[in-house]
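Okay, here's what each chain looks like letter by letter:
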There are 2 protein chains.
Amino acid sequence: MEASTEDKILNAAREVFTRKGFAATRMQEIADQAGINKGLLHYYFRNKNKLFHAVFDEAFDQFILRINEVFAADMPLFEKIDAFVSQYMAILIANPALPSFVINELNQKGEAFVKELMSRKNKPNPLPLIGQIQMEVQAGRIREVNPFHLVLNMISLCVFPFVARPLFQGIAQVDDETYLNLMESRKPEIIDFIHNAIRV
Amino acid sequence: MEASTEDKILNAAREVFTRKGFAATRMQEIADQAGINKGLLHYYFRNKNKLFHAVFDEAFDQFILRINEVFAADMPLFEKIDAFVSQYMAILIANPALPSFVINELNQKGEAFVKELMSRKNKPNPLPLIGQIQMEVQAGRIREVNPFHLVLNMISLCVFPFVARPLFQGIAQVDDETYLNLMESRKPEIIDFIHNAIRV
DNA sequence: GTCTATAGGTAGATAGAC
DNA sequence: GTCTATCTACCTATAGAC
């Protein structure tokens, strides 16, 4: 079963854009990677921008929207924290280059790009989780934490090791497989860390 | 007191490279920003790569090496955590674009770039801190945490909100000043969070 | 749909006047 | 040291044959 030309292009574009970023990516490199002619890229996607958006929008959804699912779910706070960490870390381990791709482009494309994206896409919505945390604090079931910062902490602990991966991997001198194993062992470590940080 | 031409170039290059990244930066834009002629960039720095390295190496040092100072200091663990968070957050609040610049380039420039950098520069050395954590665990003075992950947690909690700033600021709909105030209020919040997470 | 050839524009770098 | 003008290379995008 051979992939269609359009899929070959998308697969190649995903790989190259993710690795080099929009500005450093050359249409020629995508064509080579896909094993097809450069002209075909324009036949299927008209220009570099449109091809980029096909790749980026998909990555953005994967990176962002999964968060909402867990945040809005109807379950006790501690369970929700566990579910978020283990499910989200699993997504990141399966797609380790995703966060840096999305975040790099958001940083480099400028304010207008971010604003346009936010208006076009479903934004992540941390409010259900923040409300839930507030209630737990008021009921005295967890420590007095700032709910906004707690949410930020949860996300930071999961995502940052992937964004800063070249740095940490360069320092620790470990190969890709070892690093991803470290991330796997990180799941229970993060869950413990958060539990102890907020319990009364 | 007028800045020298070389300083004008460096200031402009810092601003543009930091905002757009190496690949998207145009020598013309740096010249415009500096209010000088494009040819002068080559007179002072010969080519784009050399100018970039003048800016990047400085940023890398600022971002990385300050960590070592605190990590290697001779003080009790809880004090050290407090010192790290408050001092490092202060650096980041004063230079909010620093982490994303360094991390983006490390991600996009590829393995050879990172490897060359690591061999040329003093690497961050977390070993003194990791050793100290191990001793505290063995003495039963803190909970049984994995020292490697604890160090990773400390850094993640401080740095990630700056790397993902466009995302969070886009979601929270706050202006630059408000966001930096949030980061200021974050210092004690992180310190509390870590203390509670590791104390027995 | 897929290829080749090329147009059109832009960026980095250099030459040379002042 | 600083400027203008220009070279050369490359990259996106299009035109047109098959």
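Residues numbered from 1 in each chain as written. Chains lettered and ligands numbered in written order. Predicted model: local features only at pLDDT ≥ 70, side-chain atom pairs only at ≥ 80, totals over all residues. Heavy atoms only, no water.

Some remarks on the overall build of chain A
Piece 1. Counting secondary structure elements, chain A contains eleven helices and zero strands.
Piece 2. Its C-alpha atoms give chain A principal-axis dimensions of about 65 × 40 × 35 Å.
Piece 3. When burial is assessed residue by residue, chain A has 51% of its 200 residues classed as buried.
Piece 4. If you take every contact in chain A between residues at least 6 apart in sequence, the share linking residues at least 24 apart comes to 68%.
Piece 5. Summed over its atoms, the accessible surface of chain A is roughly 9100 Å², and 50% of this surface lies on carbon and sulfur atoms.
Piece 6. In chain A, 22 positive and 24 negative side-chain charges are present, and the distance between their average locations comes to 7 Å. (Helix = DSSP H or I, 4+ residues; strand = E, 2+ residues; numbered from the N terminus. Buried < 20%, exposed > 50% of the residue type's maximum accessible area, 1.4 Å probe, protein only. Contact = heavy atoms within 4.5 Å. Areas by Shrake-Rupley, 256 points an atom, 1.4 Å probe, with all protein chains shown as cover. Lys, Arg positive; Asp, Glu negative; His and termini not counted. Charge placed at Lys NZ, Arg CZ, Asp CG, Glu CD.)

Quick word on the protein's contact with DNA strand D
Piece 1. In the region of DNA strand D, 13 residues are neighbours, and Lys38 and Lys48 of chain A together with Thr5, Asn37 and Tyr44 of chain B sit closest.
Piece 2. A share of 71% of the atoms of DNA strand D within 4 Å of the protein falls on sugar and phosphate groups.
Piece 3. Contacts to DNA strand D include Lys38 of chain A, whose side-chain N or O atom sits 3.2 Å from a base nitrogen.
Piece 4. Side-chain polar atom of Asn37 of chain B to a phosphate oxygen of DNA strand D: 3.0 Å apart, as the coordinates give it.
Piece 5. For the surface near DNA strand D, the elements supplying multiple residues, two or more each, are helix 3 (38–45) of chain A together with helix 3 (38–45) of chain B.
Piece 6. At three residues, helix 3 of chain B tops the list of elements feeding residues into the surface near DNA strand D.
Piece 7. Split by residue class, the surface near DNA strand D holds four nonpolar, five polar and four charged. (Near = heavy atom within 4 Å. Polar contact = N/O pair within 3.5 Å; in protein donor to acceptor, adjacent residues only side chain to side chain. Nonpolar A, V, L, I, M, F, W, Y, C, P; charged D, E, K, R; others polar.)

Some thoughts on the interface of chain B and chain A
Piece 1. Counting from both sides, the interface comprises 53 residues of chain B and, opposite them, 53 residues of chain A.
Piece 2. Three residues, Gln108, Phe160 and Phe193 of chain B, lead the burial of chain B against chain A; their summed loss comes to 15% of the area buried on that side.
Piece 3. At the junction of chain B with chain A, the criterion picks out zero salt bridges.
Piece 4. The tally of links from chain B across to chain A stands at ten residue pairs in polar contact (both at pLDDT 80 or more).
Piece 5. Contributions of two or more residues to the side of chain B that touches chain A are made by helix 1 (5–20), helix 4 (48–72), helix 6 (98–109), helix 7 (111–120), helix 9 (147–163), helix 10 (165–172) and helix 11 (176–198) of chain B.
Piece 6. Here the element with the most residues in the side of chain B that touches chain A is helix 9 of chain B; it accounts for twelve residues. (Buried area = accessible area lost by both parts, 1.4 Å probe. Salt bridge = Lys/Arg side-chain N within 4 Å of Asp/Glu carboxyl O.)

A closer look at the protein's contact with DNA strand C
Piece 1. Taken together, Thr5, Asn37, Leu40, Tyr43 and Tyr44 of chain A together with Thr25, Arg26, Met27, Lys38, His42, Asn47 and Lys48 of chain B make up all the residues around DNA strand C.
Piece 2. Among atoms of DNA strand C positioned within 4 Å of the protein, sugar and phosphate together represent 72%.
Piece 3. Note that a phosphate oxygen of DNA strand C is positioned 3.0 Å from one of the side-chain N or O atoms of Asn37 of chain A.
Piece 4. Take Lys38 of chain B: an N or O atom from its side chain is 2.9 Å from a base nitrogen of DNA strand C.
Piece 5. Contributing elements (two or more residues each) for the surface near DNA strand C: helix 3 of chain A together with helix 3 of chain B.
Piece 6. Looking at the surface near DNA strand C element by element, the count peaks at three residues for helix 3 of chain A.
Piece 7. By residue class, the composition of the surface near DNA strand C is four nonpolar, five polar and three charged.

Observations regarding the environment of Phe22 of chain B
All names here are of chain B.
Piece 1. Along the chain, Phe22 turns up in the loop between helix 1 and helix 2 (27–34).
Piece 2. C-alpha of Phe22 to C-alpha of Asn49: the two residues are 27 residues apart in sequence and 8.7 Å apart in space.
Piece 3. Other than its neighbours up to four places away in sequence, Phe22 contacts Phe17, Lys48, Asn49, Phe52, Glu105 and Lys109.

Points about the relation of the copies chain B and chain A
Piece 1. Laying chain B over chain A is done by rotating through 180 degrees and shifting 0.0 Å along the axis; what remains is an RMSD of 0.1 Å. Put plainly, the chains are arranged around a two-fold axis. For chain B, the minimum C-alpha distance to the rotation axis belongs to Ala197 of chain B and amounts to 1.9 Å.
Piece 2. Of the residues that chain B buries at the interface, 100% are likewise interface residues in chain A, meaning the two copies contact each other through the same surface. (Least-squares fit on C-alpha atoms with pLDDT ≥ 70 in both.)

Things to note about the side chain of Lys121 of chain B
All names here are of chain B.
Piece 1. Relative to the elements of secondary structure, Lys121 occurs in the loop between helix 7 and helix 8 (127–138).
Piece 2. A residue is classified by how much of its surface remains accessible, and Lys121, at 15% relative accessible area, is buried.
Piece 3. A distance of 3.1 Å separates polar atoms of two side chains, one belonging to Lys121 and the other to Asp61.

Details of the domain arrangement of chain A
Residues and elements named next belong to chain A.
Piece 1. Parsing chain A into structural domains produces domain 1 (1–46) and domain 2 (56–198).
Piece 2. When each unit is reduced to the centre of its C-alpha atoms, the spacing between domain 1 and domain 2 is 29 Å.
Piece 3. In this assembly, five residues from domain 1 lie in contact with five residues from domain 2.
Piece 4. Of the roughly 420 Å² buried where domain 1 meets domain 2, counting both sides, 54% is carbon and sulfur surface.
Piece 5. For domain 1, the biggest contributors to the area lost against domain 2 are Arg14, Thr18 and Phe22; these three give 81% of the whole.
Piece 6. Across the domain 1-domain 2 interface, the total number found is one salt bridge.
Piece 7. Linking Glu58 and Arg14 is a salt bridge whose minimum nitrogen-to-oxygen distance equals 2.6 Å.
Piece 8. In this assembly, domain 1 and domain 2 are joined by two residue pairs in polar contact (both at pLDDT 80 or more).
Piece 9. Broken down by class, the residue content of the side of domain 1 that touches domain 2 amounts to two nonpolar, two polar and one charged. (Domains from an automatic or database assignment.)

Observations regarding a nonpolar patch on the surface
All names here are of chain A.
Piece 1. A contiguous nonpolar surface patch, about 320 Å² in accessible area, is contributed by Leu40, Tyr43 and Tyr44.
Piece 2. For Leu40, the location among the structural elements is in helix 3.
Piece 3. Judged by relative accessible area, Leu40 falls into the partly exposed class, the value being 30%. (Patch = residues over 30% accessible without salt bridge, like charges linked within 9 Å, V, L, I, M, F, W, Y side chains within 5 Å.)

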